[in-house]
Structures are given as C-alpha cells and as structure tokens.
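Structural description and commentary
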Amino acid sequence: MVHVYNLHPFGSQQVVPCKLEPEQFCGGGRDALFVAAGCKVEAFAVAGQELCQPRCAFSTLGRVLRMAYSEAGDYLVAIEEKNKATFLRAYVNWRSKRTENSRVCIRMVGHNVEGSLGEAFRDQMSIVEMPLSETPLCVSCCPVKGDLLVGCTNKLVLFSLKYQSINEEFSVLDFERSLIIHVENVTPVEISFCVGHVAVMSDLEVLILKLDSDPKNGERVNSRHSQKADNPLKQTEEEGSNEMSHLESDDFVFCQKPIELLGEKSEQSGISVKLESTGLADTKYFHVQHLLYRRFSPDISLCVLSDDIKLHSLQLLPIYQTGSLTSDGKNLSQEKELLSLFCFFSLPHVGYLYMVVKSVELMSIYQYPEKCQQAVLTPQFLHVITRYGHKSGASTLLSGLSSLLSNNLQCFTVRCSAAVAREEDPYMDTTLKACPPLSMDVCALRIQLFIGLKAICHFRNHIILLTKADPKAMPERTESPKRLLSKKDTSVKIKTPPVAEAGWNLYIVNTVSPVQLYKEMVDYSNTYKTAKTQSCIHLLSEAHLLVRAALMDAGQLEPGEKAELLEALRESCGHLGDCYSRLDTQHSHLALPYYKMSGLSMAEVLSRMDWTLEDEPQKYEKGLIFYINHSLYENLDEELSEELAAKVAQMFYVVEPKQLPHVLSSPSMKNIDPATALSYLRKLDTSGLSSILVTLTKAAMALRMGDVDTHRSEMKRYSEMKLVCGFILEPRLLVQQRQGQTVPTRLALHLRDAQPGLLVAAVLGLQKNSKIGIEEADSFFKVLCGKDEDTIPQLLVDFWEAQLVACLPDAVLQELCFKLTSQYIWRLSKRQPPDTTPLQTSEDLINACSHYGLIYPWVHVLISSDSLADRNYTEDLSKLQSLVCGPSFDIASIIPFLEPLSEDTAAGLSVHVLCRTRLKEYEQCIDTLLDRCPEAVIPYANHELKEENRTLWWKKLLPELCQRIKCGGEKYPLYLSSLKETLSVVAGELELRDFLRVLPEDGSAAFFLPYLLYCSRRKSLT
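To start, this report covers the structure provided alongside it. (Residues numbered from 1 in each chain as written. Predicted model: local features only at pLDDT ≥ 70, side-chain atom pairs only at ≥ 80, totals over all residues. Heavy atoms only, no water.)

1. Details of the side chain of Asn-407
Operational definition: Numbering of helices and strands runs from the N terminus; a helix is a DSSP stretch of H or I covering at least four residues, while a strand is a stretch of E covering at least two. Burial status follows relative accessibility: with a 1.4 Å probe on protein chains alone, a residue under 20% of its type maximum counts as buried, one over 50% as exposed, and anything between as partly exposed. Polar contact criterion, stated in full: a pair of N or O atoms within 3.5 Å, where within protein one must be able to donate a hydrogen and the other to accept it, and residues adjacent in sequence count only if both atoms are side-chain atoms.
Within the element layout of this structure, Asn-407 appears in strand β28 (residues 407-413). Relative accessible area serves as the criterion here: at 5%, Asn-407 is assigned to the buried category. For Asn-407, the side chain forms a polar contact with the side chain of Gln-373, separated by 3.5 Å. Only 3.0 Å separates the side chain of Asn-407 from the backbone nitrogen of Gly-452, close enough to count as a polar contact.

2. Observations regarding the packing of helix α14 (residues 691-705) against helix α16 (residues 720-729)
Selection criterion: To obtain an axis, a line is fitted to C-alpha atoms, over the contacting stretch when the element is a helix, and the angle between two such axes runs from 0 to 180 degrees between their N-to-C directions. Throughout this description, any angle smaller than 35 degrees is read as roughly parallel, any larger than 145 degrees as roughly antiparallel, any in the 65 to 115 degree range as roughly perpendicular, and the remainder as oblique. Between two residues, a contact is recorded if the distance between any of their heavy atoms is within 4.5 Å. Following the grouping adopted for this structure description, the nonpolar residues are Ala, Val, Leu, Ile, Met, Phe, Trp, Tyr, Cys and Pro, the charged ones are Asp, Glu, Lys and Arg, and the polar ones are all others, Gly among them.
α16 packs onto α14 with a crossing angle of 85° between their chain directions and a minimal axis gap of 9 Å. One way to sum up the angle between α14 and α16 is to call them roughly perpendicular. Between α14 and α16, the residues in contact are Ile-692, Leu-693 and Leu-696 and Lys-722, Leu-723, Gly-726, Phe-727 and Leu-729, respectively. Broken down by class, the residue content of the contact of α14 with α16 amounts to six nonpolar, one polar and one charged.

3. Some points on the pattern of salt bridges
Filter applied, for reference: By salt bridge we mean one thing: a side-chain nitrogen of Lys or Arg within 4 Å of a carboxyl oxygen of Asp or Glu.
Evaluation of the coordinates by the stated rule reveals 32 salt bridges. One salt bridge connects Glu-80 with Arg-89, and the closest N-O pair in it is separated by 3.5 Å. Residue Glu-80 shares its accessibility class with Arg-89, and that shared class is buried. As a salt-bridge pair, Arg-107 and Asp-174 come within 3.7 Å of each other at their nearest N and O atoms. Separated by 67 residues along the polypeptide, Arg-107 in strand β10 (residues 104-108) and Asp-174 in strand β15 (residues 171-183) bring together distant segments of the chain.

4. Some points on the sheet that holds strand β8 (residues 75-82)
Defined as follows: When DSSP locates at least two bridges between a pair of strands, those strands are taken to pair.
Spatially, five strands are ordered β7-β8-β9-β11-β10 in an open sheet, and the strand pairing comes out mixed. Each end of this open sheet is capped by a strand with a single partner; those strands are β7 (63-70) and β10. In this sheet, neighbouring strand axes are inclined to one another by 25° on average, regardless of whether the strands run parallel or antiparallel.

5. Side note on the state of the cysteines
Rules: A pair of cysteine sulfur atoms is labelled a disulfide when the two atoms are within 2.5 Å.
Scanning the model with the defined rule gives zero disulfides in all. Counting only cysteine sulfurs, Cys-536 is the nearest neighbor of Cys-579, a cysteine outside any disulfide, at a range of 3.3 Å. Judged by relative accessible area, Cys-579 falls into the buried class, the value being 6%.

6. Concerning unusual backbone geometry
In most cases, non-glycine residues show a negative phi, while peptide bonds are predominantly trans. Residues other than glycine seldom take positive phi values, yet Asn-93 does so here, at roughly 55°. By the element assignment, Asn-93 lies in the loop between β9 (85-92) and β10. Backbone geometry at Asn-154 places phi at a positive 65°, although glycine is not the residue there. Considering the arrangement of structural elements, one finds Asn-154 in the loop between β13 (148-152) and β14 (155-165).

7. Structural notes on the packing of aromatic side chains
Cut-off, in case you're wondering: Note on ring pairs: Phe, Tyr and Trp rings are taken, using the six-membered ring of Trp, and paired if centres are within 6.5 Å. Classes follow the plane angle, with under 30 degrees stacked, over 60 edge-to-face and the rest tilted. Two thresholds decide whether a charge sits over a ring: the Lys NZ or Arg CZ must be within 6 Å of the ring centre and within 35 degrees of the ring normal.
Counting across every chain of the model gives 23 aromatic pairs. Seen in terms of ring centroids, Tyr-5 and Tyr-524 are 5.5 Å apart; in terms of plane orientation they differ by 85°. Their pairing is edge-to-face. Within this pair, whereas Tyr-5 is found in the loop between β1 (3-4) and β2 (10-15), its partner Tyr-524 is found in helix α5 (residues 514-529), the two being separated by 519 residues in sequence. Consider the rings of Tyr-75 and Phe-175, whose centres lie 5.0 Å apart with planes at 85°: the pair is edge-to-face. With Tyr-75 in strand β8 and Phe-175 in strand β15, this pair connects stretches of sequence that are 100 residues apart. No difference in accessibility class separates Tyr-75 from Phe-175, as the two residues are buried. Within the aromatic cluster, the residues linked to one another by ring pairs are Phe-296, Phe-345, Tyr-352 and Tyr-354. Here the basic side chain of Arg-294 rests over the ring of Tyr-352, its NZ or CZ set 4.3 Å away from the ring centre. For the cation-ring pair, Arg-831 lies above Tyr-873, with the distance from its terminal atom to the ring centre recorded as 3.9 Å.

8. A look at the pairing of strand β32 (residues 504-511)
Of all eight residues that make up β32, eight are buried, and the element is covered over most of its length. The alternating pattern of β32 places Trp-504, Leu-506, Ile-508 and Asn-510 on one face and Asn-505, Tyr-507, Val-509 and Thr-511 on the opposite face, and all of these are buried. In this sheet, β32 lies alongside β2 in antiparallel orientation, the contact comprising four bridges. Bridge pairing in β32 links Gln-14 to Ile-508. Two strands pair when backbone bridges link them, and strand β31 (residues 462-468) and β32 are joined in this way by seven bridges, in the antiparallel orientation. Paired with Lys-468 across the strands is Trp-504, a residue of β32.

9. Description of the side chain of Gln-794
Mapped onto the fold, Gln-794 is located in helix α20 (residues 794-805). Only 2.7 Å separates the side chain of Gln-794 from the side chain of Asp-798, close enough to count as a polar contact. Apart from the residues within four sequence positions on either side, Gln-794 is in contact with Arg-827, Pro-834, Asp-835, Thr-836, Thr-837 and Pro-838.

10. Re empty space enclosed by the protein
Test applied: Using a grid of 1 Å spacing that covers the protein atoms alone, one calls a set of points a cavity when a 1.4 Å probe fits there but cannot get out, and a pocket when the set is open and has protein on both sides within 12 Å along at least five of seven lines; lining residues are those with an atom within 4 Å of a point. Grid points are joined across faces, edges and corners, and a volume is the space filled by probe spheres set on the points.
Applying the stated criterion across every chain yields a total of four cavities of 30 Å³ or more. Counted as a void, the largest cavity has a volume near 70 Å³. Every residue lining the largest cavity is counted, 13 residues in all, and those nearest its centre are Gln-380, Thr-413, Glu-542, Leu-545 and Leu-546. Elements supplying a minimum of two residues to the lining of the largest cavity: α5 and α6 (534-552). For the lining of the largest cavity, the leading source of residues is α6, giving four residues. In terms of residue class, the lining of the largest cavity is made up of nine nonpolar, three polar and one charged. Roughly 60 Å³ of volume is contained in the second largest cavity. For the second largest cavity, the full set of lining residues is Gln-767, Ile-774, Gln-803, Leu-808, Val-812, Glu-815, Leu-816 and Lys-819. Among the elements that take part in the lining of the second largest cavity, helix α21 (residues 810-830) stands out by supplying four residues, more than any other.

11. Description of the sheet that holds strand β18 (residues 205-212)
With respect to topology, five strands assemble into an open sheet ordered β16-β17-β18-β21-β19, the strand pairing being antiparallel. Here the strands that pair on one side only, and so sit at the sheet edges, are β16 (190-194) and β19 (259-262). Averaged over all neighbouring strand pairs, the angle between strand axes comes to 15°, with direction disregarded. With five bridges joining them, β16 and strand β17 (residues 197-201) adopt antiparallel strand pairing.

12. With respect to α20
What counts is decided by this rule: Here, expected helix span is obtained from the residue count minus one, scaled by 1.5 Å.
With 12 residues, α20 ought to run about 16 Å at 1.5 Å a step, and its terminal C-alpha atoms sit 16 Å apart, in line with that. For α20, the tally of buried residues reaches 11 of 12 residues, placing the bulk of the element in the interior. Just downstream of α20, Cys-807 is the residue with a positive phi angle, here 60°.

Structure follows, in structure tokens:
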C-alpha cells in the first residue's frame, strides 16, 4: 500500500535557457548540465538557487542518441548518429572550451600523446573517438571510478578510465578497452555500471552481474559460466518454442512465463555470459557472479500496444561515505567508501527496488496511480513522471482535456538509508539503536501537476524536467510556462528565464533542504497524534529516514549543515520514542532505543508525558513502561526528582506491581520519599512475586526513614540464607553504580556493623551468580569500610576467605590464594591487627575448606618456643601456615614476597621452612632447624623424610648431628637426644653392614653398641 501525503519536497523552479528543443539531456558532478539538440551540445552551470547560466557549447558529429556524464574524470560520453552510422565519442576537458569556435583536439582512444603535443591539450577540449565493431546502443559511467560501459547487441564493452602522463604536472585523460562481456541473446535497451556491478535490461528482462577481480572466487577469464545444454530452464523454453513453431502466430499470442531468480539461482536464467580480456595490462576481472535475473510477461488482458509494456528507468544507485570527519569537523580522507548498492527498474505501472551488495533482496514495490513514463532514484527519493493512460473506447472529447492535465511529477520515499544503517551498524535493531524497517509501506510525498512531461533526470538536489505541450490540446495558452507548478504551493519561488520558447521548456526544479522538509513532515504528523494511529509513526519514520539519507554522504555537507541534520536526527528519535511509548502497538519496545538515540534524559522523557489522569492502568502504555523499566536497570547517572520518582512508583504500582521492588532499588529513585515507597510496598499483593524481595525493600526503606525497629522486624522474618537469595534477586539493594564508581547503599552500611556475616554471604552469592565482578566486589568492600585502594579491610579478607570456602573455579583460585597470603604476610611483618574481628578462625577454615590444610606437627614444635600474646597475630599466622600446608597453593609464586617476614622470629622461620619444604628443599630445611630449633628436627624428619626421602636420615641428618655433637655447645643435649632418635630410626632401616658404614669412625663403641645389637637382633628375627 502507498500512503499519499500533500507535502512540499519541491522548492524553487527555473527554466534552462536552451536555444533549441532538447533531444537529450543529463547532469552530474557539482554543477554540470548538458543539453543536446541537433548536432550541438550546450553546457550550463547550475549553482544552487541562482539562475542557470550557459557555460559553453560544442558541435557533435551527428544527432545525439544517448549521452552520459561522469563526475570521475569530468567527461561527457555520447552516442551520435550521422548518415545512418553510429559513433561513440567522449568529450574531455570540456570546461576549457571558451567559445563555440575554440580549437578542439580529436584523437583515437588509446593513442599515445607526444609530449610536445600534450601541452596543447591543457587549455583545449579533446574528443576521444572510440570505434566499435558493433553499433553502440546505450552507455553507462561508473560513478565511483569513471569507467565506461557500452551496450551493444549480445555484448557489453568496458573501457577503463586511465591517465596518460605528459609531464610531472600534467596528464591527459584516456580510456583502455579492457573487457568484453558476451551476453548471449540479449539486446540491451538500458545498462548501468557501478564498481564492478553490471545491470542489463532488455524490453522485459533484467540481469544483474558482478565482475569479481579475485581469481580464487571462480574460473579464469574466457570461462563460460552458464551453458545452454546444462540449463533445465533454457531446455524447457527451447522445447516449448519448438512446439510453438507448429502453430500459427496469427492465431495465438505466446508469452514467456515471468520468473525471478536471486543469487546463485540466477545462473539458471539460460543467459550465457563470457568474459573476453582485451586490455594490454593484466586482466582486472576474472569471474562473473550472477546476482539477479528477472523476466516479466506482458499483461495481454489490457489489449495495449507492446510499447506500453516495456521496462524502463534502469539504475544502479551507490551509497557511499566520503572520508570521515574528525572531532573538529575536518575531513580525514576524500576517498569514497561504498556502503551499499541498489538497483531500480520499472514497468509502466509498477517499480521495483532491490538491494544487491551483500545479499540480493527486493526492498520495495512502487504501485503508480498512473502510467509511468520515466523514473530516477536518489538516496532520498524516487521521482516519477506519469501520464494518464486511456482505455480503449474513451471519449475523444475528454482525451483532449486529459492530455492537458494528465502529467504529474510524483515524489516517493525510498528505504536506502534504512538498509545502509543495518549494513553499517551492528548495534542496529537492538536495545541500543533502532531504524524504521525495510518492509514499511512507501509513501508519495507529493503529486505535482505538470503539463506535457516528457523526460526527467537528476543530480545533487536538482530535478531536470523536459515538458512539451500538445498544441492540439491547447487551443489557447492561459498560463505562462514559468507557472507550471501548482499555484497552491506557496513554497515554490519562480525565477524568470532569459529565454523561453513556446511549446516546450526545460525546467530545473530544486528540492528543498532535508531539514526544511523534515520539519514539515513533523508538523504534518501532529494531525495524527491525538488519534493514536499508525499514520503518525509512519510519517515520522519517513522523516527519520529522510534525515538519515542526508547524513550518509557526510563529506558533501558543511559543518553547520551536518550539525543541523544531527540535531534533526536526535529530534526525530525523540518523536518516534513518544509515539511508541504512547501508542499501543506490537512494536512498543522500540521506545527504548529511539529515546536512547534522542539523547533525552529520563526526566525529560517523563516531562513529555501527560499526567493529568490518576490511577488508570490504560493510561500507561507498555512502551513507556518498557523504556522506564530498562532505563532504571541500566544504572544511569541520573537522579529523578522526588515528584517524578513518586509518579514512577505510582505507575509501576498500578501497571507492573511485580517490578516495584526493583524500581525502588534503582539509583535513579534515590530521591523518592521512603514513606511513600513503603506505603506502596505494604499494599502489594505478594502472592505473585518474591515476598523475600519485598521484605528486603521494606527494610531498606524503613532504614532510610530512621525506623530501626521496623527494619529489624522485617529482617528477622526470614533466615539468613533466604535473605541472601533476596539480595541475589536485586543486587542494587546492596551495591549501586554511579558515574562508573561502585557505591554501597545505606542498607549495606548498616549490615557492615550489624550483620557482617550476612553482608559477606550476600556479596558472595552475587558473585557466584555473576551479578557482581571480582574487582567490583573488592572495590565495594574497600569503599564500604572507608579504605583507600592500598589498604585491605578485614571485611574484604573475610570475603576472600569465604570465596575459598565456596570453592571457586581454578581460574581465580591462585589469584585469590595470592591475595590472602600477601595480606597475612603484610600483617605479620607489620604486627598490624585486623580492623574488625575476623568472621572465621583458622580452625573454622581448616574444617570447612579443603584449600586450608592441617598444619604440620613439627610447625607447632617450631613456634612453641615463641610466646605470642596477640591472639590476632596467632590467627593470621595459623591461617598463613594452613594455606601453605594446603594442596592448592602454588608455593613458588609467593617466595619473592616472603622477604618482609623475617626468619629471626619463630613465626617467620616457620613460614620460610614450610615453603622450602613444599619446594622439596629438605637438606636446607634440616640445616636451618639444626641451627635455629634442634628440638623440631626429629618431628620434621618423622613427617617429611619418608619413602624416597628416607635416605636423608642417614645421608644428611645423622652426619650433621654427629658433627654438631663433636663441637659441643649449649645445644649439645638437644643434639644428643636427636642423635639417639636418629640412630634408632636408621638401625631399623639399614642392614648391619650398611649401618656400620654410616657410623662415624671415631665414635665411641660403647655409645653405638646398643644400636648395633638392635640392628643385628632385628636381622636374626627376620
């Protein structure tokens, strides 16, 4: 369905001062307009709203049949006819032609220009002759690279644009015939070429190809990509044609079946395509990729002539972005980046718009109310000229009148900007960004009456129209040609042309600025706002796409113009957000991304609402509820006023009572009156939602009111485990984000002092359920306890210990162990007690957590010699020793950090010896213990020197004890006692002969004899 509006996309109008009736015309570039009449081409300068001024004129070889202008290379190409012969010529450097009689250089394509002659080309126009073996039928220039494609019967010839360098300062534009595309059984009526994409159109067929320059993607040049013998579609058609040949053509009308083939299926069209390289350089294109084939069948029920059912207006439209803008608005690059490509073609009563870059997709179908003569596609609009088609038997009396008033210039919207937005932005169609859908109905913004419209072309914001009234239908001319636009259109400004001949005119109609048309569309949409219809959304969506299309080519915009368009884009997003938030539609969720794109704050959005009615569920549409709910969840750095917060609470109490506890926990609702919030919570029916969450929210609000008794009574209603589950449902009851910083709530501050165990368990539950990150949790406890980044509060240590007890994944286990050991070592080295009482003792951790191991017995002997009065110091030491004794900790990682913990103390010595033992440095540990604590040597050996390490009893410990006994000293009794126990162990392990070998040679026989007898007696018993 096509929506029709009465807007004003057309602005000022002027007449081109042509001397002869135009036969062909085209425009392009910044300001170039060419008009061909007879054997002459006139060039005009079109500059904004100023009058069109003649620039130059030059003669052609013959009558111009087709012509096209290329902005890349700034040249004009024409197909000319003289004496029934057809020629292809390119007019280069035409801006240098001052007068009609100025000198002109004519050269053959590919001809090398000598340096002495090249300088003459600098200030004169050149005509490049391009001979062809076949008659040229149509031409097309690539708008990006300037290459030229020529259509002939059964073939397309590609001329690549190049430059011949004359010297360092000057080069001459030239062409190279680089490729021939053989297209079997196709006579092109129109062609279009853009960045390797080729569109070919015959009377009722359209074929779109892509020339691929990557040889890996397909076969080499000269390969045939679709063979007639292998094509089932072609075989069927050939069999049908054989049957038709037996029938008389005068009795029947045979029509081929209409068909549409997209992507790879289009290779089944039966059209054979073959590439033939003709360039001197390496072949640029290696492979042909079929994108689209569509064939139409004439509607014979209309009983009209064949000329009335032909395709026309083939066009490839590239959408590209010129460079990029820096923050100061300056262009970084002027290279054009192709974003997307679209193809348009039309039948007399319907037009088709396809997207053909990454995927081939039919985007829009345009149903014309009248017969279409010609159409031009732009990134923003589709401009169509139509005329009324008479049915057979129509009154001849009415036909004369209708021919006078039957021509219209129609302006339709297009979906190009919507397609490009989705190709360009991966966040499109999410909760972050939105864009009107491709499937949205197109609309006609304006149907403008003209007399005798014959042809149309377009460049920049100019529409060029050729009109020629039928003299038989105009017995008396009552209106001047300069008044062809509607008299009711007050926005049109007419400029008097210097030359205007009767019967025909060539008009330049300027389209209004996108911002001006956008504002008119917004004003027009206000007529639908109170009715709450889809028409308001549709028209605002069209306005949004209009601004998007104008912004796609940012390199052509002035900084001020771009800023104005960006402001219009944000404003349009706000209008669309209003529509989706107020109207009950299936797409109400789109209010969220549109409001985000508008840049409006939540308070500004709420201020746009109508709050006149009270307590009516139907007042609050689901789009508004969806937006506010998501906005409150996203931790926006915005605090609503007390009044707005109360209205939001009332809204959710009425419409979404289940969400009320979550809403009240949002940082944006900080200013709500707690008494008001508590009154809504008490009236809630908790049968359909979590009563624990409601209880916690009540407790938080009571605490904000200073009602500690109510807070305590609410907190006592459930066990600690259930309260933890409630905090998991709504983490913002404890921790919130403001301006990127973690901020504890008032409830968390209260629990820190009153129920620290519950607080630690709750944060641990949040972490295990991915509601809070590791670093965020650490930051939370530091802020909660008022510590800076370098200070670790005891509550954070309690949290780390609770994490170990909860058995976290191995990925974070080592980091957590490192944090704890570092903190234990720092406290022991500084004799720094914890700032609060630890929640768990070392014994609790050993019993509850496998990562805390039983402390080795010899450690207790080692530290018994050191009297430790401070219980907290003892606890930290026991936890550190237990963690080192556990199975999970990587000991090597902590060794560099043991330096602050001195070995001069028994505590420090125990940790150092423990770490060396875990690293299997037993001999060093034995030496250390013999020097520092001999009484711990035998317990150490009994615990550590087992299995493969048992040989250290006689290889290390026995010789060391014997040596120290010889030296005597204060520790002689301890060494002697240890020696006796060592000899008992060794005598029980070794054979008598081996035992004798390990004994010292200068030892007393009487001392060692009992151990020798024990070893010998053990041998006789076994």
